[in-house]
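Notes for the structure review
Listed below, chain by chain, are the residues.
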Amino acid sequence: MAALRGRLKHRPRERVLVGDEVTLAIHADGAATIEVLHPRRSVLRRRTPGKARGIRAIAANVDQVVVVGAVREPAWDDHLMDRFTAVAEVNGLPVVVVVNKADLAEGASDVAARYGSAGYPVLITSVPTRRGLERLRGHLAACVSLFTGPTGVGKSSLLNELQPGLSLRTAAVSVRSRTGQHTTVGAEMHPFGDRGFVVDTPGLRDIGVWGMEPLEVQGAFPEFAPWLGACRFDNCRHVEEPDCAVAGAAERGKIAMSRLTSYRRLLEEAARAARPWVSGRRR
Ligand code: GDP
Ligand code: ZN
């Protein structure tokens, strides 16, 4: 546990995040202070709706986002999963999709095909049969992976199976605030293997797309990219416009229809959030 030193303590924008790389000074009494906050390779941000609209940083230096879902218990939910991939995309982070609990139901390969055609690496896994676990381990080596996905899909089980005792090695970052109180940051980072780290974030589980621009929503679906120039209208939103190349690609099975549906829902949601009076809902 380390306290923030001098200047850093008074610059809230430089708040230390999970994943930050810092230089510590260890003092004679054994206390540590953070002397230097090193430049970040990436910052994962989440938009927060409501009164205190704003952007909240969740973790620094994340190299990839591992989006985990289950084929059953709970059932795979395309739209929910597409929200997780979209948040990663908007943050400019590579996505790996994990389809877990393959032992419980058929259909893992159909799910995998939808995300594979979106361009994502997809791993089909099962904790009891150990299917896909070594491939997953390979994807987690030597980088910082943020695990996210709905509750109960098996994220902790997968990580504990790959690295027994992991849960005992938790390293919650605790930062002493100006008032001297300790604030625990809502994400935990665990060493994984020789050089990797995994970050578990309760904060990403309830994702809003508030504040996403229409173009950002479109950019969060990388498989649309090859078709974007080919719509009849330059400003096509790929909703109901005639001669939409993206819709055409989905009808021909080049893009998963579920992904186009998710895109349209996120776009609608982003538009409604930007103009709260349209839905009549107060925010
Ligand atoms: P988390 O909330 O995503 O971390 O999910 P947990 O790791 O806590 O798992 C939720 C439940 O699913 C637990 O009862 C696990 O034993 C079970 N579970 C996890 N992975 C698998 C799997 O691959 N197959 C089956 N059948 N059950 C699993
Ligand atoms: Zn279009």
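1. Some details on the overall build of the protein
Counting secondary structure elements, the protein contains eight helices and 12 strands. Among the 283 residues that make up the protein, the fraction classed as buried is 46%. Pairs at least 24 residues apart make up 62% of the contacts formed inside the protein by residues separated by at least 6 positions. For the protein, the computed accessible surface area is about 14500 Å², with 51% contributed by carbon and sulfur atoms.

2. Comments concerning the environment of L266
Take L266: it is sitting in helix α8 (residues 257-274). Separated by 49 residues in sequence, L266 and V217 have C-alpha atoms that sit 6.9 Å apart.

3. Observations concerning the coordination of the zinc ion (ligand 2)
Of the protein atoms, only C231 (SG), C236 (SG), H238 (ND1) and C244 (SG) coordinate the zinc ion (ligand 2), at distances of 2.1 to 2.4 Å. Bound by four donor atoms, the zinc ion (ligand 2) shows angles of 104 to 115° at the metal and therefore tetrahedral coordination geometry. For the zinc ion (ligand 2), the donor residues sit on a single chain with the sequence spacing C-x4-C-x1-H-x5-C. By the burial criterion, C231 is buried, and C236 matches it.

4. Here's the deal with the pattern of salt bridges
Counted according to the given criterion, the structure contains 12 salt bridges. Ionic pairing is found between R259 and D82, a salt bridge with its closest N-O pair at 3.0 Å. Here R259, found in helix α8, pairs with D82, found in helix α2 (residues 78-90); they are 177 residues apart in sequence, far enough to count as distant. Each member of the pair, R259 as well as D82, is classed as buried. Put simply, E223 and R259 hold a salt bridge, and the shortest N to O gap is 2.7 Å. With a gap of 36 residues between them, E223 in the loop between α6 (214-219) and α7 (245-251) and R259 in helix α8 connect regions that are remote in the sequence. Take E223: its relative accessible area is 9%, and that puts it in the buried class. Taking relative accessible area as the criterion, R259 reaches 0% and is therefore assigned buried.

5. A short note on the side chain of D20
Within the secondary structure, D20 is located in the loop between α1 (6-9) and β2 (22-26). Within polar-contact distance, the side chain of D20 engages the backbone nitrogen of L17 at 2.6 Å. Polar side-chain contacts of D20 include one of 2.7 Å to the side chain of R40. Those residues in contact with D20 that lie beyond four places of it in its chain are R15, L37, R40, A60 and N61.

6. Some details on the confidence of the model for the protein
Reading fine detail from the predicted coordinates is not recommended where pLDDT is low. Of the residues in the protein, 77% reach a pLDDT of 70 or more, and the chain-wide mean stands at 83. Counted against residues more than four places away or in other chains, residues 168-185, with its pLDDT under 50, gives 34 contacts. Low pLDDT, under 50, characterises residues 278-283; the stretch is placed with seven contacts to residues that sit more than four places away or in other chains.

7. Digging into the site of ligand 1
In the region of ligand 1, 15 residues are neighbours, and D103, V127, G152, S156 and S157 sit closest. Between an oxygen atom of ligand 1 and a main-chain N or O atom of V127, the distance comes to 2.8 Å. The contact in question runs from an oxygen atom of ligand 1 to an N or O atom on the backbone of K155, over 2.8 Å. Isolated, ligand 1 exposes 580 Å² of accessible area, and the fraction of that covered by the protein chains is 67%. No other element matches the three residues that helix α5 (residues 155-162) contributes to the shell around ligand 1. Here the shell around ligand 1 is composed, by residue class, of five nonpolar, seven polar and three charged.

8. Notes on the side chain of T33
Checked against the element boundaries, T33 lands in strand β3 (residues 32-37). There is a polar contact of 2.7 Å between the side chain of T33 and the side chain of H27. A polar contact of 2.7 Å, which involves the side chain of T33, links it to the side chain of E35.

9. Here we look at unusual backbone geometry
The amide bond that connects E73 to the next residue, P74, takes the cis arrangement and shows omega of 0°. Among the secondary structure elements, P74 is positioned in the loop between β6 (64-70) and α2. You will see that K101, though not glycine, has its phi angle at about 60°, which is positive. With respect to the secondary-structure elements, K101 resides in the loop between β7 (95-100) and α3 (108-116). Looking at K101, the relative accessible area reads 18%, which means it is buried. With phi around 50°, D243 is a residue other than glycine that occupies positive phi space. Inspection of the secondary structure puts D243 in the loop between α6 and α7.

Conventions we followed
- Residues numbered from 1 in each chain as written.
- Chains lettered and ligands numbered in written order.
- Predicted model: local features only at pLDDT ≥ 70, side-chain atom pairs only at ≥ 80, totals over all residues.
- Heavy atoms only, no water.
- Helix = DSSP H or I, 4+ residues; strand = E, 2+ residues; numbered from the N terminus.
- Buried < 20%, exposed > 50% of the residue type's maximum accessible area, 1.4 Å probe, protein only.
- Contact = heavy atoms within 4.5 Å.
- Areas by Shrake-Rupley, 256 points an atom, 1.4 Å probe, with all protein chains shown as cover.
- Donors = N, O, S within 2.8 Å, 3.2 Å for Na, K, Ca; no water.
- Tetrahedral: all angles 85-135°; square planar, octahedral: opposite > 155°, others 65-115°.
- Salt bridge = Lys/Arg side-chain N within 4 Å of Asp/Glu carboxyl O.
- Polar contact = N/O pair within 3.5 Å; in protein donor to acceptor, adjacent residues only side chain to side chain.
- pLDDT = per-residue confidence, 0-100.
- Near = heavy atom within 4 Å.
- Nonpolar A, V, L, I, M, F, W, Y, C, P; charged D, E, K, R; others polar.

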